[in-house]
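Here are the chains, one letter per residue:
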Amino acid sequence: LALTVNMGATISVTGTTTITRTTSATSNLSTTATNYALSTGVLSIASGGTLTANGSAITISGNYSNAGTYTAGTSDLTFTATDTDNTLNPGSSSLYKLTFNGVGGAWDLTTNNLTVTNTLTITNGTFDLNALNLTATGATFSNDGTLRLSGSETLTGLTMDTNTGSVSYDGTSSYTGLAAGSSY
């Protein structure tokens, strides 16, 4: 048994959007081939839930948690919070375009490593990897904000943006080298 909801227009939710299942049924929210936008405070994809983003712009002003499936397509996932207690848990799903753009905002990567396949942009705010790994093979990285590292994470395929922004380390251990290299 499955429930699929194909969006027929742009959806804006001021609270929480949760995609979940009951018993053995699955749920799928699809932005459809028309690429309708989704704007929400918190986005939660529960176990058995699927968000098929296609090429949509998805804006989140709070937390993102994925215990189900996020099918990115060519979508742009943008975080716009201006407070400092936001979390991003991508689950096992890759993200296509990931943007942080909230003046004064901060986002902590939690639970799972992150894979970005097209673009990772920090326009405003701070993105903290929290000692989790980042794979950005083939992705472009642009940093006008702050990328925070502990020093123990593994960065794969990431070419540092050495023109603007900052990289800060807040780890407590000693390391023989900087995780993101020494050119900034």
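Whatever comes next refers back to the structure up there.
It should be emphasised that the depicted structure is a prediction, and the values quoted were computed from it without experimental measurement.

Concerning the environment of Thr119
Tracing the chain through its elements places Thr119 in strand β12 (residues 114–128). Between the C-alpha atom of Thr119 and that of Ala139, which follows or precedes it by 20 residues, the distance is 5.0 Å.

Topic: the pairing of strand β5 (residues 49–52)
Looking along a regular strand, one sees the side chains alternate between the two faces of the sheet. Of the two faces of β5, the one carrying Gly49 and Leu51 and the one carrying Thr50 and Thr52 are both buried. Both β5 and strand β8 (residues 69–71) contribute to a ladder of three bridges, which runs parallel. Residue pairing in the sheet places Thr50 in a bridge with Thr69 of β8.

Let's talk about the nonpolar core
Grouped together as the largest cluster of nonpolar side chains are 37 residues, with contacts concentrated most on Tyr70, Leu98 and Phe127. Secondary structure elements with two or more residues in this core: β4 (38–45), β6 (57–60), β9 (76–79), β11 (95–109), β12 and β15 (146–149). Sequence-distant contacts of Phe127, defined by excluding residues within four places in its chain, comprise Leu88, Phe100, Trp107, Leu109, Leu114, Ile122, Thr146, Leu147 and Arg148.

A word on the environment of Tyr96
Residue position: Tyr96 is located in strand β11. Sequence-wise, Tyr96 and Thr115 are 19 residues apart; in three dimensions their C-alpha atoms are separated by 8.4 Å. Not counting chain neighbours up to four residues away, the residues in contact with Tyr96 comprise Ala72, Gly73, Thr74, Ser75, Val116, Thr117, Asn118 and Thr119. Within the structure, the side chain of Tyr96 is placed 3.0 Å from the side chain of Asn118, a separation counted as a polar contact.

Scoring rules and cut-offs
Residues numbered from 1 in each chain as written. Predicted model: local features only at pLDDT ≥ 70, side-chain atom pairs only at ≥ 80, totals over all residues. Heavy atoms only, no water. Helix = DSSP H or I, 4+ residues; strand = E, 2+ residues; numbered from the N terminus. Buried < 20%, exposed > 50% of the residue type's maximum accessible area, 1.4 Å probe, protein only. Pairing = 2+ DSSP bridges. Core = buried A, V, L, I, M, F, W, Y, C linked by side-chain atoms within 4.5 Å. Contact = heavy atoms within 4.5 Å. Polar contact = N/O pair within 3.5 Å; in protein donor to acceptor, adjacent residues only side chain to side chain.

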